[in-house]
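What follows is each chain in one-letter form.
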Amino acid sequence: MAPVPTAAPAAGLGGSSGRPGSSSPRSHEAPRPLRSGAGGAAGCAGLAPAAPRGPAPPRSGPGTDRGPAGSRSAPLRPRYRPRPRELSAMPGSRCPRPALPVLRWLPRYSRAWLPLDLLAGLAVGLTAVPQALAYAELAGLPLQYGLYSSFMGCFVYCLLGTAKDVTLGPTAIMSLLVSSYAFHQPVYAVLLAFLSGCIQLAMGLLRLGFLLDFISCPVIKGFTSAASITISFNQVKNILGLQAIPRQFFLQVYETLRRIGETRAGDAVLGLSCLAALAGLRAMKSHLPQAAPTEPLAVRISYLIVWISATARNALVVLFAGLVAYSFQVLGSQPFRLTGSIPQGLPAFQPPRFSLAAPNGTVPFQSMVQDMGVGLAVVPLMGLLETVAIAKAFASQNGYRIDPNQELLALGVANVLGSFVSSYPVTGSFGRTAVNAQSGVCTPAGGLVTGALVLLSLAYLTSLFYYIPKAALAAVIISAVVPMFDAGIFRTLWRVKRLDLVPLCVTFLLCFWEVQYGIVAGVLVSGLLLLYSVARPPIKVSEGSVLLVQLGSSLHFPAVEHLRDMVCSRALAAASPPGSVVLDCSHVSSIDYTAVLGLAELLQELHRHGLSLAFCGLQDPVLQVLLSADLEGFQHFPSWEEAERCRAPELGGSRAEPLTSTAESTGLIQ
């Protein structure tokens, strides 16, 4: 019976977008922006064009300080139900969306959302100002550069961002990278922001956001956990009042322990007190019960005061520490190391410098680029990864979707324009984004308030920053980065997939040596594991009168020799060789030319030993490639059963013997 070619049916899975969950009904409902279910919608994308007539005052108190996985819904978020005539504005209709994200929500902006955006912007601003000073210290730059880096991203993201919750600015991880590649030189840091922005812009325009998918979760977790430890220990010297401590982690540990006897009592007491206060306020906010609308007015006001105090805990702790330091200054003694003078006024709008004046000449642009080296790849990629990961997390929590390539454009423009106001590289901040979301922000307009508050601080408040103790800023940094350490990931991977512990541990350990080595090594190890799974696909062999070989995945050139060796060892070296070999390709969706050549050689080798090779379950793309190759002796059947029936006459007219299955693993933990 002649073999019959078959065409594998094209299977398509239709994806359906989940409908955003709704909160339990409450009295005094205020208008609510739609939570879009389409990509690129930013919280208020697809908003209804008309504002409701009589919004009642919204409730206060946005829930907890936990991340997207465990946070409560924000009661400050307004509620809104679209009327039938407004459905045409929803994503999924035939109306084209504006190319500029701000035009998707600004024409439909409701006055009911204004107080919520104002409150969220103020809450984020009160968090951003002290963190900006602390992160500049971490980056090894003058403190004003932290403020210079904190406002441009807020304005740009309001226009170009697709997530209503995300805030851009300096972060602990980005500051750590800047300290590694900018060499504590502001000129290097600003140029690094410009070049990183250009790279991010190019990736967004070329739609290369998929490259971030090659950085696996174990690599990210290993990096962030190691960064949490290194950043925290980097601030121990400020908590203890020590000076001239090296930057390298192992030298830091050695020098800190060796000189612990030089600890300044004032700095240590103040730093530990600030840490305790920050931890207490965080715990208070996490366990703050909701105030019901039926509660007395005094109870609701008390709840609001406690919530604001816990949300703005960084600003309160820094303010308290500054007042204590100022009091000692008035009394004529100063037991703390202070921040010192910070230049007052806004930064000049000018392009970054492409050369650096040195005592022995000028460092040209080419030399500066060579000095930054691999940082020109690590900084933009880590910035993109952090921003997109945060945006996806909060978009999933709040029921809308983002456009990753648009996020790349927004971050790139923010870094390029930020370099014109002396900013170092910025990215999405998880902590400030959580504050923004839990404060009930409705649109990206909340970033305008945050940026304006930073500008006001630069213009009028820098003289007051002189008295901020460095121990207080160190406490702010430690409080922000300690939650980044994820001890549970080690137990989870041990239980789920132990092989993923390899890139996790490689990244985690090498990041203590140098951050870039840890990230690069983790990506390489993950890539090698991925390539090994391609080179050694799972193969199941069933022995009998007919040798059935089942491939578990697509067949590419690294796996051809492995397949040939396995088939030949089972078919030719057996005590009772099978009459023929059937290759089940039902799970093979693609094949390359080198694999075709390997199959042709396998056909010839089996033919020389009096065996035939047939294929079954070929999908259309694979069948077309094999037919185009015009292989000599090529036979294919729709299924294994059909192949078995057709091979039976060649085996003497009887059906094949029952098959005995033996699984061939890839040598890795499956």
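Quick note: structure is the one above.
All values derive from a computational prediction rather than experimental measurement.

Colleague: An account of unusual backbone geometry is requested, with residue identities and associated values reported.
Modeller: A negative phi angle is the norm for most residues apart from glycine, just as the trans form is the norm for most peptide bonds. Of note in the backbone geometry, F183 takes a positive phi value of approximately 55 degrees without being a glycine. Relative to the elements of secondary structure, F183 occurs in the loop between α5 (172–181) and α6 (186–205). Positive phi, normally seen in glycine, also occurs at S422, with a value near 65 degrees. Relative to the assigned elements, S422 resides in the loop between α15 (404–419) and β4 (427–428).

Colleague: Talk me through the packing of aromatic side chains; I want residue IDs and the actual numbers.
Modeller: Overall, the coordinates contain 19 aromatic pairs when judged by the stated rule. Ring centres of Y109 and W113 lie 5.7 Å apart, and the angle between their planes is 85 degrees; this geometry places the pair in the edge-to-face category. For Y109, a relative accessible area of 26% translates into the label partly exposed. According to the relative accessible area criterion, W113 is buried, its value standing at 3%. Centre to centre, the rings of F615 and F634 are 5.2 Å apart; their planes meet at 45 degrees, and the pair counts as tilted. With F615 in strand β8 (residues 612–616) and F634 in the loop between α24 (620–629) and β9 (636–637), this residue pair connects regions lying 19 residues apart in the sequence. Pair check on accessibility: F615 and F634 agree, each one buried.

Colleague: Explain the nonpolar core residue by residue, including any values.
Modeller: Counting residues in hydrophobic clusters, the biggest one holds 104 residues, and the most contacted among them are L133, L147, L177, V178 and I231. A per-element tally of this core places helix α14 (residues 375–398) first, with 11 residues. Counting residues in hydrophobic clusters, the runner-up holds 34 residues, among them V549, C568, V588 and L626.

Cut-offs and rules
Residues numbered from 1 in each chain as written. Predicted model: local features only at pLDDT ≥ 70, side-chain atom pairs only at ≥ 80, totals over all residues. Heavy atoms only, no water. Helix = DSSP H or I, 4+ residues; strand = E, 2+ residues; numbered from the N terminus. Phe/Tyr/Trp six-rings, centres within 6.5 Å; stacked < 30°, edge-to-face > 60°. Buried < 20%, exposed > 50% of the residue type's maximum accessible area, 1.4 Å probe, protein only. Core = buried A, V, L, I, M, F, W, Y, C linked by side-chain atoms within 4.5 Å.

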